[in-house]
Amino acid sequence: MSGNNCWGKHVGPALFLGVLALFFFISGSRANGQTIRELPPPPPPPTPKPTPTPRPPRDEEVDVIRVTSNLVMVPVSVLDPSGQPVHGLQISDFRIEEAGRRQEIAQIGNPDEVPLDIALLLDVSGSTNARFDFEKQAAATFLKEVLKPSDRATLYMIDRTPILRQAAADANNASAGLLSIEAASDKGPTAFFDTVMEAAQYLAEKAPPQHRRVILVISDGVDNFSEKIKKAIGETREEQDAIGAAARQRIYDRATAEVQRDVQRADAVFYSINPAGETMHLNLITKRGQEGMRQIADATGGNAFVPDKAEDLEAVFKQIAAELRGQYLLQYYSNSQAAVGQFRAITVTVPSHSDVRVRARQGYYPKEVKGEKRRAEKRTTP
């Protein structure tokens, strides 16, 4: 009995303490569970945005600039004291300056390899009728001798208005067309300046850029009916006679300068043959005509001939043919800083040969830079 009482004394308090501990454990567990359930849920992880599919590239407006080359081609005739072409010169023999600045010559072109475009202008007015048939025959022979298969000749008639008789013909067709031209039946007015300007504009527009261009005129250079002349001095003899000699000279000088600019802009070499011969010295009008043709020829590297006799025409044509076949085609890339469209003066010399005579154009007008806009498609590499 006493044993059982002793066990009860020890177990009772222990059991009580165990039950009490179990109570507090259950209560704490519930409290903790309630606390966890009341916390806000964690935010969802960020969802990455999908990479958009790239659009195909659109067409865009782009500027396409076409820059004309600053390559300058200068036909040069080098003649010995007897007037014969000098052959065999090299790049090192020449010196070119543009506006006083020396230029480096890139190469010398072979005239046999560079096509030739000739505009031949035949005066059909009464002032040149005396040897008209002989002039035509000599000119036709000249064309056959000079023109190669790749060359072309364009025929103009100098009359009261410019007349384009035949365009871009080969040697045979140009010669036949020239022989078919008839002289004017009257001694009517002559539009010399207008015809030269139209021929220059024709070559500038129609002749390929790298072709040699030549204007060959068979005329006395007298003009009394070009538009610039008619506006300045009138159309009738009475109106023209009322203009003083000094004023008339200024009018012709301005007209000659404008024609010269057109020939230079066409990059053409100007040659003239005056069939008037010694009679050109008989009056001021014919003398002035020859002086104007001489001025244009000197500025462009050509020549102005005045054969004394009809028989001399053949020799003159042969000399022009020899010059065209023997020209040195100097080519250089200009380093000038002058504005586009501004006349650029050039000089050509042959320091290694002091006894020769050099004929080359006195300058040129550089072509303008051209630009255009077009639709361009950008392509992506797959």
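Residues numbered from 1 in each chain as written. Predicted model: local features only at pLDDT ≥ 70, side-chain atom pairs only at ≥ 80, totals over all residues. Heavy atoms only, no water.

Caption draft 1: Local environment of the pattern of salt bridges. Overall, the coordinates contain 12 salt bridges when judged by the stated rule. The residue Glu145 makes a salt bridge to Lys318 at a minimum N-O spacing of 3.6 Å. Residue Glu145 is located in helix H2 (residues 132–146), and its partner Lys318 is located in helix H9 (residues 312–326); the two are separated by 173 residues in the primary sequence. The partly exposed category is assigned to Glu145, whose relative accessible area is 39%. Lys318 gets classed as partly exposed once you look at its relative accessible area, which sits at 47%. In this structure, Lys309 and Asp312 form a salt bridge, with 3.5 Å as the shortest nitrogen-oxygen distance. (Salt bridge = Lys/Arg side-chain N within 4 Å of Asp/Glu carboxyl O. Helix = DSSP H or I, 4+ residues; strand = E, 2+ residues; numbered from the N terminus. Buried < 20%, exposed > 50% of the residue type's maximum accessible area, 1.4 Å probe, protein only.)

Caption draft 2: Structural detail: the packing of aromatic side chains. Inspection of every chain in the model, using the stated rule, returns 6 aromatic pairs. Within the aromatic cluster, the residues linked to one another by ring pairs are Phe192, Phe193 and Tyr252. A cation over a ring is seen here: Lys230 above Phe225, with NZ or CZ 4.2 Å from the ring centre. Lying across the ring of Tyr365, Arg265 places its NZ or CZ 4.4 Å from the centre. (Phe/Tyr/Trp six-rings, centres within 6.5 Å; stacked < 30°, edge-to-face > 60°. Lys NZ or Arg CZ within 6 Å of the ring centre and 35° of its normal.)

Caption draft 3: Region of interest: the side chain of Asp262. By secondary structure assignment, the location of Asp262 is in helix H7 (residues 245–265). If we skip the residues at most four places from it in the chain, Asp262 touches Met197, Ala200 and Gln201. (Contact = heavy atoms within 4.5 Å.)

Caption draft 4: Seen up close, the sheet that holds strand S10 (residues 268–273). Ordered by their spatial adjacency, 6 strands build an open sheet running S8-S7-S6-S9-S10-S11, and the pairing between neighbours is mixed. The two strands at the open ends of the sheet, each matched to only one other strand, are strand S8 (162–169) and strand S11 (303–305). Across this sheet, the average inter-strand angle for adjacent strands is 15 degrees, counted without regard to direction. Where S10 lies against S11, 3 bridges are found, and the strand directions are parallel. Counterpart to Ile273 in the pairing with S11 is Phe305. (Pairing = 2+ DSSP bridges. Axes fitted to C-alpha atoms, helices over the stretch in contact; angles between N-to-C directions.)

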